[in-house]
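# Survey of secondary and tertiary structure
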Amino acid sequence: MNERGVGEAEVVWDYYCRYPEIYIAVASCGGANNNVPYMLSIAADNHDSRIEVEPNNEEKNATVLTSLFPLKGYIVPNDDVDCYHLEFDGQVCDFRVKVESFSNLDVSLTLVENISVPSPDATSDVEVTRKSCAVNQNGWGGSEVTQYFSSGKSDFYVYVTAKVQSSQKEPVYYITLETFSEGSYEREFNNCREDATPILVQEEITGELDPGDVDWFYFDVLYSGTRAELSLDGISDKRFALDIEKSDGTTIYSGKGTTNLSLRDLKSGRYYLILKQDEKIGVKNRYRLFINTYSNH
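Predicted model, so just to flag it, every value in this text is computed and none were measured.

## Some words on the nonpolar core
Counting residues in hydrophobic clusters, the biggest one holds 24 residues, and the most contacted among them are L86, F95, V97, L111, V158, Y173 and I175. Counting 22 residues, the second largest nonpolar core, distinct from the first, contains A228, L230, L232 and L275.

## Quick notes on empty space enclosed by the protein
Over the atoms, a rolling probe the size of a water molecule traces out where space has been left empty. With the rule as written, the count across this model stands at 2 cavities of 30 Å³ or more. Approximately 60 Å³ is the volume found for the largest cavity. Along its surface, the largest cavity is lined by W13, D14, Y15, Y16, E52, E54, Y74 and V76. A breakdown of the residues in the lining of the largest cavity according to their chemical character gives 5 nonpolar, no polar and 3 charged. The calculated volume of the second largest cavity comes to roughly 30 Å³. Residue lining of the second largest cavity: F219, A228, E229, L230, I244, L261, L263 and I291, and that is the complete set. Of all the elements in the fold, those that place two or more residues in the lining of the second largest cavity are strand 14 (226-233) and strand 17 (260-266).

## Things to note about the side chain of D213
Mapped onto the elements, D213 comes out in the loop between strand 12 (205-209) and strand 13 (214-221). Non-local contacts of D213, meaning those with residues more than four positions away in its chain, are made with Q147, E188, E208, L275, K276 and Q277.

## Some details on unusual backbone geometry
Peptide bonds are trans in most cases, and residues, glycine excluded, mostly fall at negative phi. Of the consecutive residues E54 and P55, the connecting peptide bond is found in the cis state with omega at -10°. If you trace the backbone, P55 turns up in the segment before strand 1 (63-65). Residue F189 is bonded to the preceding E188 through a cis peptide linkage, with omega at -5°. Backbone geometry places D14, a non-glycine residue, at a positive phi of 35°. Tracing the sequence through the fold places D14 in the segment before strand 1. Its relative accessible area of 35% is what places D14 among the partly exposed residues. A positive phi angle, close to 55°, is found at D265, a residue other than glycine. Within the secondary structure, D265 sits in strand 17.

## Digging into the environment of K284
Note on placement: K284 falls in the loop between strand 18 (269-277) and strand 19 (285-294). As a C-alpha pair, K284 and G257 span 27 residues in sequence and 16 Å in three-dimensional space. When neighbours within four sequence positions are excluded, K284 is seen to be in contact with Q137, V145, E208, L209 and D210.

## Structural notes on the sheet that holds strand 17
An order of 12-19-14-17 is seen for the 4 strands of this open sheet, with the pairing classed as antiparallel. At either end of the open sheet lies a strand with only one pairing partner, and these are strand 12 and strand 17. Strand-to-strand twist in this sheet, taken as the mean axis angle between neighbours without regard to direction, amounts to 25°. Alignment of strand 12 against strand 19, held across 5 bridges, turns out to be antiparallel. Bridge assignment links G207 to a residue of strand 19, and that residue is Y287.

## Observations regarding the pattern of salt bridges
Within the structure shown, the criterion is met by 11 salt bridges. The closest approach of N and O atoms between R96 and E178, which form a salt bridge, is 2.6 Å. With a gap of 82 residues between them, R96 in strand 4 (residues 94-101) and E178 in strand 10 (residues 172-180) connect regions that are remote in the sequence. Since its relative accessible area comes to 24%, R96 is described here as partly exposed. Note that R193 and E245 form a salt bridge whose closest N and O atoms lie 2.6 Å from each other. Note that R193 is positioned in the loop between strand 10 and strand 11 (197-198) and E245 in strand 15 (residues 240-246), a separation of 52 residues in sequence. Taken together, the shared-partner salt bridges connect R96, K98 and E178 into one network.

Criteria and cut-off values
Residues numbered from 1 in each chain as written. Predicted model: local features only at pLDDT ≥ 70, side-chain atom pairs only at ≥ 80, totals over all residues. Heavy atoms only, no water. Core = buried A, V, L, I, M, F, W, Y, C linked by side-chain atoms within 4.5 Å. Buried < 20%, exposed > 50% of the residue type's maximum accessible area, 1.4 Å probe, protein only. 1 Å grid on protein atoms, 1.4 Å probe; cavity = no way out; pocket = protein on both sides within 12 Å on 5 of 7 lines; lining within 4 Å. Points joined across faces, edges and corners; volume = space filled by probe spheres on them. Nonpolar A, V, L, I, M, F, W, Y, C, P; charged D, E, K, R; others polar. Helix = DSSP H or I, 4+ residues; strand = E, 2+ residues; numbered from the N terminus. Contact = heavy atoms within 4.5 Å. Pairing = 2+ DSSP bridges. Axes fitted to C-alpha atoms, helices over the stretch in contact; angles between N-to-C directions. Salt bridge = Lys/Arg side-chain N within 4 Å of Asp/Glu carboxyl O.

Fair warning: the whole summary comes from geometry, so function is off the table for now.
As structure tokens, then:
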């Protein structure tokens, strides 16, 4: 801690440590106090289970976050990184993570998914594939919320960092894990064919496009000769691209700013819909997507 000026106190806010002993070293950054002593005070308290435990700046020491209650975290010092491991009690569910702060913090979060798969290399049992997304849409005192994810069989971690204004306020934030039963919305990570979100015909699905984001969906056509009607609402500037592909990768439609589309005489099979937003668009776009199909069967 060395974040305040000459004659100002350095403060470690509500530091709960995972070790049985703590050592404190005090040093001068300039000058001496030959006549006036400095004061060092420690207020000890039992750990509150709703407050993060340090050090938790990497995954092996991550603080456990469940949906039972929000956790209170501190950005101390200013370059602090807090890591949380999401736990779902063995249940597969949809979820999102929210971080809320006050006016002296500008928080950002990064969600990481670790997927363990059997390794082709005989020297190790599994290999871990990592996917991540960063969320930093709002400024000082704002909240950051991830998109929806499915807990599946992966390990999820969340990293929280923040810019801290020089003030006497506690550099505190609250982090919440919200869980849901399956709903009609896009689930990340869905930026490739293998992770495409399924679309149920005649059911509206909601999603979000971040700058440079790519969202993949798929829908199934049961009978050849089917007509599909597609509507997309909510992206007001229309600076996005929409492609539709067959399961073999053949593109049957490609356009920009398309909000209504009719596809006729489709053969039976699986079709993929890809939405892309221009990286130059600096805002998140929330949209609604609806597909209906018509056949003679």
